[in-house]
Structures are given as C-alpha cells and as structure tokens.
There are 2 protein chains.
Amino acid sequence: MCPQNVGILAMEVYFPPTCIQQDILEDFDGVSKGKYTIGLGQDCMAFCSEVEDVISMGLTAVTSLLEKYEVDPRQIGRLEVGSETVIDKSKSIKTFLMNVFQDCGNTDIEGVDSTNACYGGTAALFNCVNWVESNSWDGRYGMVVCTDSAVYAEGPARPTGGAAAIAMLIGTDAPIAFESKFRASHMSHVYDFYKPDLASEYPVVDGKLSQTCYLMTLDSCYNGYCHKYEKLEGKQFSIADADYFVFHSPYNKLVQKSFARLVFSDVVRNASSVEESAKEKLGQFTSLTGDESYQNRDLEKASQQAAKQYYDKKVQPGTLINKQVGNMYTASIYAAFASLIHNKYSSLVNVLFDIFTVQRDPDGNRVVMFSYGSGLSATMFSLHLSEGKPPFSLSNIAKVMNVDEKLKTRTELAPEKFVQLMKVMEHRYGGKDFVTSKDTSLLAPGTYYLTEVDSKYRRFYAKKTS
Amino acid sequence: MCPQNVGILAMEVYFPPTCIQQDILEDFDGVSKGKYTIGLGQDCMAFCSEVEDVISMGLTAVTSLLEKYEVDPRQIGRLEVGSETVIDKSKSIKTFLMNVFQDCGNTDIEGVDSTNACYGGTAALFNCVNWVESNSWDGRYGMVVCTDSAVYAEGPARPTGGAAAIAMLIGTDAPIAFESKFRASHMSHVYDFYKPDLASEYPVVDGKLSQTCYLMTLDSCYNGYCHKYEKLEGKQFSIADADYFVFHSPYNKLVQKSFARLVFSDVVRNASSVEESAKEKLGQFTSLTGDESYQNRDLEKASQQAAKQYYDKKVQPGTLINKQVGNMYTASIYAAFASLIHNKYSSLVNVLFDIFTVQRDPDGNRVVMFSYGSGLSATMFSLHLSEGKPPFSLSNIAKVMNVDEKLKTRTELAPEKFVQLMKVMEHRYGGKDFVTSKDTSLLAPGTYYLTEVDSKYRRFYAKKTS
C-alpha cells in the first residue's frame, strides 16, 4: 500500500524580533527615496542580533512546532536541514538540532544538511517527501528545517538581507500535498552568487547576472513543467490552471518581474487561455531572443501591466513575510508560502467566510512553487491544498504561525545600531572564545539564544523561559 | 508497480596518483617503527597535488563512469554529492559537475550536496535510492558522487589523511540492492571532529572522543539493526547472518576494533550462533558498563582474538583501497565496499573459479555496512549482492574499477615533497588569483585538473587528453 498525499502536515515560522525599516535605511544610506521600498519592493528587514544565529533559530522553530502541534519528538524519523549559512564546514546544523530529540532517547533519525545557496531547503523537502514514499520509510514523520541569516557587506546589496527559520512536518494525508509528477528542474554551473571567501560571512554577488539566471531558469522550469503537465494530463497548461504562484523572493521586485515573465511565456506559447488584451500588449515582443527579452525594459513594463490583475490574486497573497523580513535564503520560498496560508486561512478570513456563509472551495487549490538557488539550482513544482483535519489543517497552521502577532511585536532598531551590530558579527564570524550579552529582553519566551563560544569553538545555547 | 531491487548499478573509483608510504613517513616524522603501519594499520596515503581537488576528482569519476559503462548523460535524472571538503560555502560541488551534463542539453537533474562529515555520501546515496522509489521518479538513473580530500595539520593526525572520489549509478534491478527495511541510525550532538576554523582546511579533532563515539554508535546501530531484523524476520541476527561487513575506515585499526566489537556484542546478546570459545574468552567482560567496555584494553585484545577468523573472511576483503589510500571521508566506506567487489569479483578470481569449476554462490550475499560521520551521524544498513547483467554486473564493476592497475601505477613522493606540497595547499586554501603548474605528467589520460583560480575566485578545469 503506497503512502497517499504525502506533503506538509504542519509549519512553524520564526524570524528575529529585531528589524529595520527600509525607508529609514534609505535615508541613512543617502540613496534616492524609494530605492529600497519601490526599487526592491521591500518594506522592512529582520536580522539576527548577537544572541541569535541559524542554530538558535532552528532550535526555536523545531521545538515550537513540536509543542504547538503536540507532536511527540519520538515520532520523528527523519530530520533534514537546508541552509547556506555555514557555521561549521563539517558538523551539520542537523546534529545541533538533535539536542531536542536525544533528550527523550530518540537518536534514530536519518537526514543531514542539504546545501546549494537558497535551494537547500527545497532539496531537503524533496528528500523528506521521497523518504516517506520509499521502502525505507518506517512510518514516522519527517521534519524539514530551513534556516538562514542573509547579511551583506556595506553597499547596494545590504538592504537585501534578512533572517528566518521555518520548520515543516512531513507525512501522509497532508493538507499540503505534493503533485510529484509535475516537476521540472534546471541546474547548471554559473558564478552568479557564491561564498568562496571562507573567512567572511558575506557572499560574492553579480547582481545583474543572478537576476538573468533567475529569469532564465524560471523560463526553463516553466516550459518543463508545462511539458510534463501536458504529457500527463493531455491538455495545455497556463497560469489559469493554478490558483497561486509562490516564488523564491530575494526581493519583491524580482517576484513581480517573474510572474510577468510567466504571463509573457503563456503568450509566446500561445496558450488558449491568454486574454486578447495581453496578446496585444505582448505579441510584439515574441520575436525577441531569450537573451534580448531578459534585458528589454519595454517588455518588462508591458508584461507587468498585463500581469497586474493576476498578480494581485495569484501572487500578492504570498508576499507579506518576505516584504517584511527580507531575503531568508532557503526559508524564503517557504516564508512566501506561509504568507499565502496566513492570508487565506487565518481566523479573520475564516470568520468573514462564516459571516457571509460563503462555501470555501474545500479542495483543488493548486499552488505552483518556484525555488531558485544561485550556482545554480532551480525547480518548479506544485502543491495541492485541502483543508485537512486538526491539528494538521490549513486553518490551524495559519493559527499556529500567528504571523500578524509576530510581525507586530518586533522592535525596530536605528540604522546606527544595525551597522554597529553588523560590525560585531563580522568580527565574531568564525571566531572563538567569547560570551554574548545574553540579553534576551527582545526575545519571546521559548526562543533559543547563543550564550558562549568557548576556546574550542564549541557553541552553547539556552532557551528563554517565560 | 513499485521499482524492484533499487540500488547500485555501477561504480567508478578515482584516487590521486600521488602518494607516500606510511613506513617512510614514520622515519621522516621520527616516530616509533610501526606507529602508522601497525598502530593505525595503514600502508600508504594518497593526496591531491596542486592540480587536483574535490571538484576535479568528482569530474574525473563522473565522466569515467559514464564512458566506461556507456551511459548517455541524458539518462541521468538526479545527481547528488556527498562531501565535507568545502571550497565554496554556498555553491554546491554538484553545480560544478553539471558541466558534464549541460553540454549535451541535460539540465533537468535534481539533487544538491549533502553535508555531515564522512556521512554525507551515505545521506546522498539514501536520497538517491529513495528518489527512485518515490512518486517523483521519472524513470532515469540517479548518480551519487562522494569526493573528499582529507588533510591534517602537522602532528599525530597527519598520517590519517587521504583523498578520493567515487561515483555510483543508481537504478532498479541492481546487482547491489538495498535491504531498505533493515536499517538503524544513531545521530546526536557531539564535538568529536569538526571544522569551525573557516579559513583553514584542517579540522579540530578530539581523537580519543571520536573513537569512542564511533564505537558507541556502532553498538547502538548494531542493536537497532538486529532489533529491526528480528522483528521483521522473526529470528535472531548475528554476524553469522551476513557474509561481509564493511566499515567507514578513518584508519584500518579502528575497523579491526569495530568488527571485534560486533563479536563482543553477539556474546553480550547471547546470540545462539556464537561459538563456545568466543563465549569463554569474552564472557568475563559482559558485566562491564558501556563506557568501561570502550576503554578496556583486555576486552579489546580478547575480542580481536575471538574475531580474527571471521575478520579474515568477512572484513579483510573490504580493506585494500583504504589501507593503500587512507581516509577518504565520504568516499571511505564506498572505497571499502569497492575493495570487496574488487577482491571477490575481479577477473583473476573469476578465472580461478573457472579453472576449479567452482559454482559461485549466485545470490544471497549480504553485506552489512556501517557509515559514520563525526558530529555525529551513523547508520548501519545492508546490501544484497547478485551477479547482475553486463554492463551492470559485479564482474564488470570490478573490471571497470581496475583497482590493482590504479594502485600499481601511482607515484611515491618523498616526505619532503609531501610537506612542501601541504604548505602550498595551506597557502592557497580559500585563495584567489593564482594559476597552477598545469603539470599533468603524473595524471592518467581522462583526468580533470585545476588550471586557474581567477581574481573573482572562479575556478577553471581542463581534462588531460591521451
């Protein structure tokens, strides 16, 4: 008997409570008004203070998920981590997270860390789902943790930082199930964003190349996805066949461009669902070569106009956390997905549905996901939403994640403080023999924090109690 | 219809042609005679010269496998890498290997890098096998690459280095099939060996702790494996139920101790298959606590004596490459497995079988594998050998790997040269803006080598032609 509807049963999102508003950063950096807020499309940026890192965030997300969904840690049979924030080049982040499980005697947990820039979380997720569908599955849950801290050297890339950890529980009969046969990847050898300077936390970035690579692989994956869909379903695929599109989001502007690109792709492929108005606006660009089309500003503008009405319905619901927190690397696409669940299934929405006695579409919602990691690795895949049964229901996931409250209770830091903190972190990166301030005043109860790195580089963490 | 007998269809082994004899290193280091050759149980150590690294070795292993088994690169649907040798903290080694596939237009290849010390290759292998057994399998082959360069700072750990890349092709109806239900892992948070000094290629090692962790997880995994076997098969498991045991091999002496530990474990568990002589020798130690037993020299000696006859038959065939090449981190356990296939299925063995018209046991050979990675992650699992059909047959795998020839054609370097080279590599690690000597005189045709790292840290490779 094959496991059915394997996918995501539960989610928890964690991001640091420390953040800075992008418009304030614009003023501080002396750049033109709107450069970050409109040019990048970002509202706010979260960052780890000196008591948080990818390990503490991962511990917080994992323990919070287990507690809030009342999952016994002994019920976890696989734990995988996606991250590109390297604290140790050999010892996996997963082994740090084992602290949560070994305390109750569960050490029989497969899985390690998956690495390739922002794509590692998707690789971990695929691995975990495949495990449940494989002969080696032992009937227990899988768990995936995406945890990253995105920091950049002073300069134009700095406002594209962010930080978060997301934990996901994997199993059968999931409200968020994989449509495993519709999937297309594009992987190749490119130097668009990489971290070859091992002593520095900051990446080497070719921003323009990275954006082109993102759009090029988006095209390639969308074509592959459509091809596989059409082969299996015997009918054409276009954006009309999915309810939502969720993208890896280095900054929101790229998400706007990406969705517009899919609309243009439907015009190029002459999908029957494309409206006449879109064909009129974009038809003139279909003779451009791929390379020309990535650089063409007129096309970019026209396709964003043509895409606008669909964007608001199919993409915008999955942008909240990303605009408020920033780039979260491996966690970015799952934060976007969490935004969608929050926007569509939180209690306020449910109350409104109840008031107007609107029958929810109980089933059949397709979400197309696009995951991108520089270097490069990209996959388009799709998920199928159904309400599910508590505690593993979409409404409960929205309730547990409690996104509004988490965003509301953050503390904005002044840009001077932020810069000062970045300097401290630069100094400490890869370092040993220091203690942190242990200042947990800004952290919510239940949050893990770093207390010390000893003379042998061993890291020690504690949990804030109520 | 579920895929049957998923496992390893083909293998290729690559190790650098540059090496140093351990007895010469003993003299050079001024240590007591036999410290490395008997104390560690090692004969020789391979190392990358300044034109080789984990990427070039990976490229060599992958292209050689595809060519020698005549596999079309378009037939690969997943490619995963296990490694703990970090050249870039974000860009995966897998993306470098994509060069082999993108040239023929195949970019739709899932998988990234798996990381946790020496365990990453096993994680990659499990992921690849699970993929073939999952709903997302598209019918193509998977490929796993384990590639590592183990180097240590001057001192007692230096002779435990080594380097290699192993490529494995994964698919159905494999001559080396997974017994997926018999598997037990032990993972926990320990600082026995780690790489927190990001600017250095060398690890931080607590040798004594690491050996205890290895033996402790071996016990834990063996108990878990036996328990699962007994639950499913309804009969007791002991070492008599497996034909071969293959271990991750940091140095051969630990493999000897490990197998002896399993014999002791059978005595403790009072397995019915244990011979009276072993019970007499080891019975007195069964009351020791776990911790005491790891440190007890009398037990170590007595259990190695009791295990000796089984070791020669069940373990020794899987030790050749590891004793000759050294620790290969993620590749180590698969080099041990390759040694077993070489010893049991190479043409000379086949000729002898033919001469004496001995009927080979065509089927039913169980190989128990123990994979260990510091930090820590460990799994015991088992494989089932059957001859298979060419090119994916055990005899052909032995022929392609051509281990004797590869060992015979190496070049021994003087210890002064070796130390000089280590200094050059220390200096270059994490560096940029240099060209290599491009000296390929020692490399076999078909070997990839590093030519340059440019001012943007971009790495360039070439392939030695005949």
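Scroll up a little and you will see the structure.
Residues numbered from 1 in each chain as written. Chains lettered and ligands numbered in written order. Predicted model: local features only at pLDDT ≥ 70, side-chain atom pairs only at ≥ 80, totals over all residues. Heavy atoms only, no water.

Undergrad: Requested: an account of unusual backbone geometry, with residues and values cited.
TA: All names here are of chain A. The omega torsion of the bond from G375 to L376 falls at 10 degrees, within 30 degrees of zero and hence cis. Looking at where L376 falls in the secondary structure, it is placed in the loop between β12 (365-373) and β13 (377-385). At Y329, a residue that is not glycine, the phi angle is positive and equals roughly 50 degrees. On the secondary structure map, Y329 appears in the loop between α12 (320-325) and α13 (332-345). Accessibility expressed as a relative area gives 1% for Y329, which makes it buried. The phi angle at Y457 is positive, at roughly 70 degrees, despite the residue not being glycine. Turning to its location among the elements, Y457 is positioned in the loop between β18 (448-453) and β19 (459-463). (Helix = DSSP H or I, 4+ residues; strand = E, 2+ residues; numbered from the N terminus. Buried < 20%, exposed > 50% of the residue type's maximum accessible area, 1.4 Å probe, protein only.)

Undergrad: Requested: an account of the interface of chain A and chain B, with residues and values cited.
TA: Taken together, the 70 residues of chain A in the interface contact 70 residues of chain B. With both chains or domains summed, chain A and chain B bury close to 6000 Å², and 50% of this area falls on carbon and sulfur atoms. If you sort the residues of chain A by the area they bury against chain B, K89, S90 and L198 of chain A come out on top, with a joint share of 13%. Applying the counting criterion to the chain A and chain B interface returns four salt bridges. (Contact = heavy atoms within 4.5 Å. Buried area = accessible area lost by both parts, 1.4 Å probe. Salt bridge = Lys/Arg side-chain N within 4 Å of Asp/Glu carboxyl O.)

Undergrad: Could you give an account of the pairing of strand β12 (residues 365-373) of chain B, naming the residues involved and the relevant values?
TA: Note on strand geometry: in a regular strand, side chains alternate between the two faces of the sheet. All names here are of chain B. For β12, a buried count of nine out of nine residues is recorded, marking the element as mostly surrounded by other parts of the structure. Of the pairings in the sheet, the one linking strand β11 (residues 244-247) to β12 comprises four bridges and is parallel in character. Following the sheet pairing, V246 is matched in β12 by M369. When β12 meets strand β13 (residues 377-385), the two strands line up antiparallel, connected through nine bridges. If you follow V368 over to β13, its bridge partner there is S382. (Pairing = 2+ DSSP bridges.)

Undergrad: Please set out the packing of aromatic side chains residue by residue, giving values where relevant.
TA: Two measures describe an aromatic ring pair: the distance that separates the ring centres and the angle between the ring planes. Under the definition given, this model contains 38 aromatic pairs over all chains. On the basis of an interplanar angle of 50 degrees and a centroid distance of 4.8 Å, the ring pair of F47 of chain B and F418 of chain B is categorised as tilted. Of this pair, F47 of chain B sits in the loop between β3 (44-46) and α2 (54-68) while F418 of chain B sits in helix α16 (residues 415-428), placing them 371 residues apart in sequence. Here F47 of chain B and F418 of chain B have matching classes, each one buried. Taken together, a centroid distance of 6.3 Å and an interplanar angle of 75 degrees make the contact between Y222 of chain B and F237 of chain B edge-to-face. Note that Y222 of chain B is positioned in helix α6 (residues 207-233) and F237 of chain B in the loop between α6 and β11, a separation of 15 residues in sequence. By relative accessible area, which is 0% here, Y222 of chain B ends up buried. Counting every residue linked through ring pairs, the aromatic cluster contains F182, Y222, Y225, Y229 and F237 of chain A. (Phe/Tyr/Trp six-rings, centres within 6.5 Å; stacked < 30°, edge-to-face > 60°.)

Undergrad: Outline the relation of the copies chain A and chain B, supporting the account with residue identities and numerical values.
TA: To go from the first copy of the chain to the second, apply a rotation about an axis and then a shift along the same axis. Laying chain A over chain B is done by rotating through 180 degrees and shifting 0.0 Å along the axis; what remains is an RMSD of 0.0 Å. This pairing of chains is accounted for by a two-fold axis. Looking at chain A, 100% of its interface residues are interface residues in chain B too, so the copies touch through the same face. (Least-squares fit on C-alpha atoms with pLDDT ≥ 70 in both.)

Scope: geometric values only; no functional claims are made or implied.
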